[in-house]
Amino acid sequence: ICQADKTFLDVGAHIGSVIAAVHKHAPTIKIIAVEAMQEKAAKLRHKFPHVVLHACAVGEADGEMTFFIDTQQSGYSSLIAPDDNQSHIHEIRVAFKRLDTLIPDDAIVDVVKIDIEGAELGALRGATNLLSKCRPVVMFESAPTRLSSNYESQDLYQFFEQREYEIFVPNRLAHNGSGLSEEGFLESHLYPRRATNYFAVHRDRRIEIRDRARRVLGIHVA
């Protein structure tokens, strides 16, 4: 989906699988990545020297936060505390930044991927200037929220709606229809979930992104 020579922002880069896919698709895409776990960030820097890497967590403010590392499944590590005490959760303190602070003003961000285990809304709230200026496509994860989370799915939907974004499940991005209603978005979180990953597309870019998705999928419409 990302255009060559523009910027792809990977928030929650983890082991770099998405970075690798983007670079393989178009080596001229500029990639900025964010990863809170220092060990993972160091490995990403070594493996992907062409990527601008920020070793921190992101949210609504600049400062420092507690980060909860899942030592059994590191992909589930998060700023959101687990719902119960678990021996395999290790707490650390990490730098905490707004994306609007991290991303250079001259960056033309075309696509943002956010997968940070329930803290996606916080990251977006710290990126309002970026969203307003670049109107990027946002690929994000949304699942039932943990009891300890202050980020509700309804608030996430309303955040996008207030900024004239529509939300799509992945297999509808290339279709003509409009995005999910708030009711439909919330219903998709119920068991058995219809989706965990979504695309948010600004209304001004809807046709552009629909047609780009069709080209990616090899769909030809008369």
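Everything below is about the structure printed above this text.
The following paragraphs examine the structure supplied in this document. (Residues numbered from 1 in each chain as written. Predicted model: local features only at pLDDT ≥ 70, side-chain atom pairs only at ≥ 80, totals over all residues. Heavy atoms only, no water.)

1. Some thoughts on the sheet that holds strand β3 (residues 52-54)
Backbone-to-backbone hydrogen bonds pair the strands of a sheet. The strands run either parallel or antiparallel. If you walk across this open sheet you meet the seven strands as β3-β2-β1-β7-β8-β10-β9, and the pairing is mixed. Two strands bound the open sheet, and with one partner strand each, they are β3 and β9 (165-168). For this sheet, the mean inter-axis angle between neighbouring strands, taken without regard to orientation, is 15°. With five bridges joining them, strand β1 (residues 7-11) and strand β7 (residues 109-114) adopt parallel strand pairing. In the strand pairing of β7, F8 is matched with V111. Against the sheet, helix α8 (residues 206-217) engages β7, β8 (137-141), β9 and β10 (197-202), with an angle of about 135° to β10. (Pairing = 2+ DSSP bridges. Helix = DSSP H or I, 4+ residues; strand = E, 2+ residues; numbered from the N terminus. Axes fitted to C-alpha atoms, helices over the stretch in contact; angles between N-to-C directions. Contact = heavy atoms within 4.5 Å.)

2. Here we look at the packing of aromatic side chains
Applying the stated rule across the entire model yields seven aromatic pairs. Taking the centre distance of 5.6 Å and the plane angle of 50° together, the rings of F160 and Y165 count as tilted. No difference in accessibility class separates F160 from Y165, as the two residues are buried. Pairwise contacts between aromatic rings join F140, Y157, F159, F160, Y165, F185 and Y198 into one cluster. Over the ring of F159 we find R163, and its NZ or CZ is 3.9 Å from the ring centre. (Phe/Tyr/Trp six-rings, centres within 6.5 Å; stacked < 30°, edge-to-face > 60°. Buried < 20%, exposed > 50% of the residue type's maximum accessible area, 1.4 Å probe, protein only. Lys NZ or Arg CZ within 6 Å of the ring centre and 35° of its normal.)

3. Points about the pairing of strand β6 (residues 89-97)
Bridging between strand β4 (residues 57-58) and β6 involves two bridges; their strand directions are parallel. Paired with A57 across the strands is F96, a residue of β6.

4. Thoughts on the sheet that holds β6
Pairing in this open sheet of three strands is mixed, and the strands run β4-β6-β5 from one edge to the other. Only two strands of the sheet have a single neighbouring strand rather than two, namely β4 and β5 (63-70). One ladder, built from eight bridges, connects β5 with β6; its direction is antiparallel. Across the sheet, residue T66 finds its bridge partner in β6, namely R93.

5. Quick notes on a nonpolar patch on the surface
A cluster of nonpolar side chains, namely V216, L217, I219 and V221, defines an oily patch on the protein surface of about 380 Å² accessible area. Among the structural elements, I219 can be located in the segment after α8. (Patch = residues over 30% accessible without salt bridge, like charges linked within 9 Å, V, L, I, M, F, W, Y side chains within 5 Å. Areas by Shrake-Rupley, 256 points an atom, 1.4 Å probe, with all protein chains shown as cover. Salt bridge = Lys/Arg side-chain N within 4 Å of Asp/Glu carboxyl O.)

6. Here's the deal with the nonpolar core
A general feature of soluble globular proteins is that nonpolar side chains tend to end up buried together. The biggest cluster of nonpolar side chains holds 46 residues, and the ones touching the most others in it are L9, V138, F140 and F160. Broken down by element, this core gets its largest block of residues, four residues, from helix α6 (residues 153-162). In contact with L9, not counting residues within four places along its chain, are I32, V34, L99, I103, V109, V111, V112, K113 and L130. By size, the runner-up hydrophobic cluster in this structure holds 23 residues, among which are A26, I31, L44 and V51. (Core = buried A, V, L, I, M, F, W, Y, C linked by side-chain atoms within 4.5 Å.)

7. So, α6
Turning to α6, its buried residues are S153, L156, Y157, F159 and F160. Seen from one end, α6 has its buried residues packed into an arc of 155°, which puts them on one side. Residue E164 follows α6 closely and has a positive phi angle near 65°. (Arc of directions from axis to C-beta.)

8. What to know about α8
Look at α8: 16 Å from first C-alpha to last across twelve residues, which is about the 16 Å you get at 1.5 Å a residue. Those residues of α8 not exposed but buried are R206, I209, R210, R212, A213 and R214. In this structure, the buried residues of α8 make contact with β7, β8, β9 and β10. Following α8 by one or two positions, G218 has its phi on the positive side, about 75°. (Expected span 1.5 Å × (residues − 1).)

9. Topic: the pattern of salt bridges
This structure, assessed with the given rule, holds twelve salt bridges. D100 is the partner of R98 in a salt bridge, and the nearest nitrogen-oxygen pair spans 3.5 Å. Judged by relative accessible area, which is 16%, D100 ranks as buried. R135 is the partner of D204 in a salt bridge, and the nearest nitrogen-oxygen pair spans 2.5 Å. Taken together, the positions of D204 in the loop between β10 and α8 and R135 in the loop between α5 (128-134) and β8 put the pair 69 residues apart, joining distant regions of the chain.

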